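One-letter residues, chain by chain:
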Amino acid sequence: MKYLKTIAENCTGCNLCMSVCSKLYFKEDNPEKSAIRVHRAANGSYALSVCDQCRACVAECPTQAITVNKLGVVLINKALCINCLACVAACPTGTMMTWRGGLVPFKCIACDACAKECPSGALVTEIKED
Amino acid sequence: MSANEKKYDIEKMRKAHKVLKEFSYELKPVVKGYNDRTLYINLATLEIREKPVPALMKKKFIGGKGYDLKLLWDAVSGDTRWDSPENEICIATGPIAGNTNYPGSGKSLVTTISPQTGIPIDSNVGGHFGPYLKFSGFDAMEIQGKADRDVLIYIDGNQGKVQIMEAPLEATDSHVVAEQLHEMFAANEREKQHLSVVSAGRGSEHAWIGCLNFSYWDKRRKLPRLKQAGRGGIGTVFRNKKIKAMVVKYSGLTGKSNNPVDMETLQKTGLKLHKEIISLDDKQCHMRTIGTAHLVEIMNDYDLLPTKNFRFGSHPDAKNLASWVWKDMFTQNVPDGCWFGCTMSCAHGIDNFELRTGPYKGHKVLVDGPEYETVGGCGSNPAIFDPKAVVEINFYCDTYGLDTISFGTLTGFIMDCYENGILNRERCGGLEMTWGNWEAALEMMHQIARGEGFGLIAGKGIKFMQEYFAKEYGADAQFLKDIGMHGKGLEQSEYQSKESLAQQGGYYLTNKGPQHDEAWLIFMDMVNNQIPTFEKKAEALHYFPMFRTWFGLMGLCKLPWNDVEPADNAKYPEPNKVPEHVQNYVDIYNAITGDKIDKEELIRQSERVYNFQRVFNLKMGHGKRVEDHPPYRAMGPVTVEEYESRAERYDKALKEKQNIDPTGKSTEEKIRLLRQYREAQYESLIDAVFKRRGWSKDGVPTVEHLKEIGMDLPEVIELVKKHL
Ligand code: SF4
Ligand code: SF4
Ligand code: SF4
């Protein structure tokens, strides 16, 4: 399956990935609307959280709005979503996202846009066995 | 063409429809959880119209069961019987209903004048009908009058159209008609999830214990699932009105369909509960994997699982009905919620179950459940310990439109009468109604569905049978009274209350009859001894029924209140109330309606409706203290066998509670002494509870109390005055 692999040691905390993601999908530069999150840890290093395409949310969705495409990427069909947020609760990594005022959750679809821009090599889109 | 279209000739059925009446209405969005209008349908005059909800009604009755009861009160007189044309079936939701992010927010409340009790019955049911009705534009609907041939009511919530049509060819049994109608009214596969069907079944045509099935489309199984408005014979009234089914269609559901004032609080609160359920359910109640059937072994261990018509509370074979048996049979298929966004997901199902009897013998069917009540009622109580037999009884009850609780409890009663020689093979029309004879129990049910034989008598319920057996067979009326597990005409649900005085009250000091949805106090009372005094019991018998009434005003499910608890719940005062969840309810109510209630006002809202329902019972010629007593079997041992099976317990009770030395006394004597004491205790309990509830000694809400809680409508005051 295709997923966004994170190499947190390389991250310098520039937050560029969050800008790229939110601009691409929400047309605004807003970390709350980014599918990848950069957190600063206590020891000064950075942690990256992003969907690993584990599919826990797929099973939880009551309307089958969440499906897996041929590449193994988990996608939400907005037209079917009834905004219950069950998927958000079910996500073991906390990476099915919501933003204040939004109804449909969103998540990383491994589009590679942020990985392309990351200046430190902390993100790479990879394929792994199912 | 799908498999289903091949299975049924949908086109032929559709062609046979004849529209008798069509009504168009203006589509308007729901505002802050309300439409402020209801739908009125009269099947005799074919009148269909919308009614505005007056401000006073909204203020006093809030929604759900409150709206139902108000509409029903206005429709009937004290002389109305269940089969009078003016009797209504009312279906309502409530301001929170239809919300998609707080678990358990999709319930419909259904009321009618019950064939079993002669007073209003109310049932809380899942499935998608209620929420779709609401988003179609109506906070409630009432159906009055009787059709002269089988009709279908169709509500199209996207076009603003209601139709009554003749529907001669569709099936009557629920699992078939639900599938047919989902197929018929959906333009494509996807639309099936936007439909819900209400139906009963052939059993409802001949029994007084008829139930309604509310469907929702299971996208993964590609079949309709059925949830039951079980209690008190609503299905009987439905078929008496010659309604074959009702269908609602609504697409366009979102998390905002209620147009709440504060979406953020709503989402935050819902998400918090989702997370709690997903992380804690496996450690707590196992609702997501087993559902309420996880209770079977717990009840058996505590001697609370009814066996042999409530003689006993446990049985060595109960392990055959334990949760692990069901877990193996359930086809795990999360999400199994009866409304969108219910992560509690208690609604499990068994796929491809091959039937061994009846008209569908050999068919492989989807069975919803069984839930705990069905296992206790149709399993352990008649001593049927074959799980497959229980599933089959469950299936046929549902599809025939029969209440599994009443069916189970009355079957136990019949078997008890059989063992006691009141009944025999001949009187049962050839059926050998011995303990555990599931084939006979099922045959009796098929007789109900066919409207023949002993089934016709059995299907009328225990109260009817008590009178009938005494009159026809000269049976001892007092004995029948002692062992007939019903109150006000409604069969008791499936918990043994003998050792819990508070639960005896929880069952029999209810408005509609002994159903556990008002108060379940056995553990608080018997196991943990948290409410030892009459005052404490009375307080619990005030608070919990009032609190739980509120679910019915809102269109909420009870389970997500205390079948999952915050990890630190025990740390707070009064953990039995689950304080954090009570606050959640206050928060989501305010977030949707823009109101500003607190947890005290929440109880007040319920109190108004609860007292109104009590007065409604008075209006129907009931509702007094005399009808609030349990049969003795719900309070203690009726027979020598029962006493001796738990002799140590009862001897100890005589010594410790009554200061009586049991040595040397005959069992009969000990039974008599124990009974005297327990019956006196119950009278004291009634006194304490009535006082706490603001009722007279006779159980009539006083004028002062009605004024204090704000339920002093002129017609209510006028009525109670006649009885005070
Ligand atoms: S959003 Fe969460 S649950 Fe869904 S695939 Fe990604 S990591 Fe898994
Ligand atoms: S929020 Fe939408 S995508 Fe997520 S589980 Fe609910 S319906 Fe499915
Ligand atoms: S807990 Fe069960 S009955 Fe209640 S709403 Fe959820 S699925 Fe339905």
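1. Some thoughts on the side chain of B:K512
Residue and element names in this part refer to chain B.
Okay, so step 1: Secondary-structure assignment places K512 in the loop between α18 (501–508) and α19 (522–527).
Okay, so step 2: There is a polar contact of 3.0 Å between the side chain of K512 and the side chain of D122.
Okay, so step 3: Within polar-contact distance, the side chain of K512 engages the side chain of D517 at 2.8 Å.
Okay, so step 4: The residues touching K512, leaving out its near neighbours within four places in the chain, are T117, I119, P120, I121, D122, K488, L490, D517 and Q613.

2. Thoughts on the layout of surface pockets
Residues and elements named next belong to chain B.
Okay, so step 1: The calculated volume of the second largest pocket comes to roughly 680 Å³.
Okay, so step 2: Counting residues per element, the ones that place at least two in the lining of the second largest pocket are α18, α19, α20 (534–554), α25 (647–658) and α26 (667–693).
Okay, so step 3: Broken down by class, the residue content of the lining of the second largest pocket amounts to eight nonpolar, six polar and 10 charged.

3. So, the sheet that holds strand β7 (residues 140–144) of chain B
All names here are of chain B.
Okay, so step 1: Strand order in the open sheet made by the six strands is β3-β2-β7-β4-β5-β6, with mixed pairing throughout. Every other strand in the sheet has two partners, leaving β3 (47–52) and β6 (120–125) as the edge strands with one partner each. Recorded for the sheet is a direction-independent mean angle of 15 degrees between the axes of neighbouring strands.
Okay, so step 2: Summarising the sheet, strand β2 (residues 37–42) and β7 pair through four bridges and their orientation is parallel. The residue bridging L39 from the neighbouring strand is M141, located in β7.

4. Remarks on the site of ligand 1
Okay, so step 1: Lining the immediate environment of ligand 1, one finds 14 residues, of which A:C51, A:C54, A:R55, A:C57 and A:C91 sit closest.
Okay, so step 2: The class makeup of the residues in the shell around ligand 1 is eight nonpolar, three polar and three charged.

5. Quick notes on the pairing of β6(B)
All names here are of chain B.
Okay, so step 1: Counting buried residues along β6, five of its six residues qualify, which places the element largely inside the surrounding structure.
Okay, so step 2: In this structure, strand β5 (residues 108–113) lies alongside β6, joined through six bridges in antiparallel fashion. Paired with L109 across the two strands is N124, which belongs to β6.

6. Concerning the domain arrangement of chain B
Residue and element names in this part refer to chain B.
Okay, so step 1: Each assigned domain of chain B is listed with its residue range as follows: domain 1 (2–249), domain 2 (290–329 + 348–491) and domain 3 (520–564 + 596–724).
Okay, so step 2: The C-alpha centroid of domain 2 is placed 28 Å from the C-alpha centroid of domain 1.
Okay, so step 3: Contact with domain 1, which involves 30 residues of that partner, is made by 34 residues of domain 2.
Okay, so step 4: Taken over both partners, the interface formed by domain 1 and domain 2 buries close to 2,500 Å², and the fraction arising from carbon and sulfur atoms is 53%.
Okay, so step 5: Summed over the three residues of domain 1 that lose the most area to domain 2, namely H206, I209 and R231, the buried surface amounts to 26% of that side.
Okay, so step 6: Where domain 1 meets domain 2, there are four salt bridges.

7. A look at the environment of B:E679
Residue and element names in this part refer to chain B.
Okay, so step 1: Inspection of the secondary structure puts E679 in helix α26.
Okay, so step 2: Sequence separation between E679 and Y632 is 47 residues; the distance between their C-alpha atoms is 8.3 Å.
Okay, so step 3: Apart from the residues within four sequence positions on either side, E679 is in contact with Y632 and M635.

Calculation criteria
- Residues numbered from 1 in each chain as written.
- Chains lettered and ligands numbered in written order.
- Predicted model: local features only at pLDDT ≥ 70, side-chain atom pairs only at ≥ 80, totals over all residues.
- Heavy atoms only, no water.
- Helix = DSSP H or I, 4+ residues; strand = E, 2+ residues; numbered from the N terminus.
- Polar contact = N/O pair within 3.5 Å; in protein donor to acceptor, adjacent residues only side chain to side chain.
- Contact = heavy atoms within 4.5 Å.
- 1 Å grid on protein atoms, 1.4 Å probe; cavity = no way out; pocket = protein on both sides within 12 Å on 5 of 7 lines; lining within 4 Å.
- Points joined across faces, edges and corners; volume = space filled by probe spheres on them.
- Nonpolar A, V, L, I, M, F, W, Y, C, P; charged D, E, K, R; others polar.
- Pairing = 2+ DSSP bridges.
- Axes fitted to C-alpha atoms, helices over the stretch in contact; angles between N-to-C directions.
- Near = heavy atom within 4 Å.
- Buried < 20%, exposed > 50% of the residue type's maximum accessible area, 1.4 Å probe, protein only.
- Domains from an automatic or database assignment.
- Buried area = accessible area lost by both parts, 1.4 Å probe.
- Salt bridge = Lys/Arg side-chain N within 4 Å of Asp/Glu carboxyl O.

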